[in-house]
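The residues making up each chain are set out below.
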Amino acid sequence: MARVLLVEDDEALAEALSLALRGLGHEVRQADTGEQALGVLFGEVAEVDVVLLDVMLPGIDGFEVCRRIRGKSMVAVILLTARGDAVDIVVGLECGADDYVVKPTEPRVIDARMKAILRRSASIPPPSDPVLRVGDLSIDGEAMTVTRAGVELNLTATELRLLVEFAAHPGQVLSRQVLLKRVWEYGYVGDTRIVDAAVARLRAKVEVDPAKPALLRTVRGMGYRLVKP
């Protein structure tokens, strides 16, 4: 069971999706504006595991809500968008969303995506060494932390799993499809834009100069590889 905050201004759709998710065993709270959603997350005593966030909201839109969430919390965020527009998807992922779903879709698809995210949040595949070191980074898979010079970096569960995957295979080129399977658990078919956006966010947190990445290198036409200093 997940504790879900559904942020959707279409009343009929929100009620139908809430009912379906409750039928699948989840606890659902609803908000119909971004302001209300932020109030539930940060103004009340509310435990939330996953935020299902509509992009097109009255007032502040879903992108801005996601940015504000990421400024304070690493809670899982799945964007709900009525448009499969590439720009919208990339913007949403760059705002810090963990995943997106194009509406309309089956509640079981959303259920599967939430479960995959919660599995990523619950555990990190154990590396061969208890603590992996990459340059001045220390990656503790058991404690689910990454530190630089003793200061913990604020990584989401997805970003942490992605970094562990790279660190466990230094110098090896990992394709986007392989990363989708190992990190997102999507199998071979999936949207590789999720990988690109997550790598960009990860670089912003672990690279000294994200514009000139020294650790996570792009291998054109193939994927990414980690270069140990």
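Residues numbered from 1 in each chain as written. Predicted model: local features only at pLDDT ≥ 70, side-chain atom pairs only at ≥ 80, totals over all residues. Heavy atoms only, no water.

> Can you lay out the overall build of the protein for me, pointing to particular residues and giving the numbers?
The helix and strand inventory of the protein stands at eight helices and 12 strands. Once local pairs closer than 6 in sequence are excluded, the contacts in the protein between residues at least 24 apart make up 57%. For the protein, the computed accessible surface area is about 11,000 Å², with 53% contributed by carbon and sulfur atoms. (Helix = DSSP H or I, 4+ residues; strand = E, 2+ residues; numbered from the N terminus. Contact = heavy atoms within 4.5 Å. Areas by Shrake-Rupley, 256 points an atom, 1.4 Å probe, with all protein chains shown as cover.)

> Describe the sheet that holds strand E4 (residues 76-81), listing the residues and the values that go with them.
The sheet built from five strands is open, its strands ordered E2-E1-E3-E4-E5 with parallel pairing. Sheet topology places strand E2 (27-31) and strand E5 (99-102) at the edges, where each strand pairs with a single neighbour. The mean angle between the axes of side-by-side strands here comes to 20 degrees, regardless of whether they run parallel or antiparallel. As defined by bridge partners, strand E3 (residues 50-54) adjoins E4 across five bridges and the pair is classed as parallel. Along E4, the bridge assignment pairs Val51 with Val77. Packing of helix H1 (residues 11-23) onto the sheet brings it into contact with strand E1 (3-7), E2, E3 and E4, and relative to E2 it is tilted by some 165 degrees. (Pairing = 2+ DSSP bridges. Axes fitted to C-alpha atoms, helices over the stretch in contact; angles between N-to-C directions.)

> Break down the pairing of strand E6 (residues 131-134) for me, with residues and values.
The alternating pattern of E6 places Leu132 and Val134 on a buried face, while none of Val131 and Arg133, on the opposite face, is buried. The pairing of E6 with strand E7 (residues 137-140) spans four bridges and is classified as antiparallel. When the sheet's bridge partners are listed, Val134 is paired in E7 with Leu137. The turn joining E6 and E7, which pair antiparallel and follow one another in sequence, is formed by two residues; a positive phi near 60 degrees is taken by Gly135. (Buried < 20%, exposed > 50% of the residue type's maximum accessible area, 1.4 Å probe, protein only.)

> Describe in detail the packing of aromatic side chains, supporting the description with residues and values.
Geometrically, a pair of aromatic rings is defined through the distance of the ring centres and the angle of the planes. Scanning the model with the defined rule gives zero aromatic pairs in all. The ring of Phe42 carries Lys72 above its face, with NZ or CZ at 5.1 Å from the centroid. (Phe/Tyr/Trp six-rings, centres within 6.5 Å; stacked < 30°, edge-to-face > 60°. Lys NZ or Arg CZ within 6 Å of the ring centre and 35° of its normal.)

> Residues and numbers for the packing of helix H7 (residues 176-184) against helix H8 (residues 193-206), please.
The description of two helices packed together rests on the angle between their axes and the distance between the axes. One can describe the packing of H7 onto H8 by two numbers: an axis separation of 9 Å at closest approach and a directional angle of 80 degrees. In terms of their interaxial angle, H7 and H8 are classed as roughly perpendicular. Every residue of H8 that contacts H7 at Arg176, Leu179, Leu180 and Trp184 is listed here: Ile194, Val195, Asp196 and Ala198. Among the residues making up the contact of H7 with H8, the classes are represented as six nonpolar, no polar and two charged. (Parallel < 35°, antiparallel > 145°, perpendicular 65-115°, else oblique. Nonpolar A, V, L, I, M, F, W, Y, C, P; charged D, E, K, R; others polar.)

So far we have only geometry, and geometry alone does not tell us how the molecule works.
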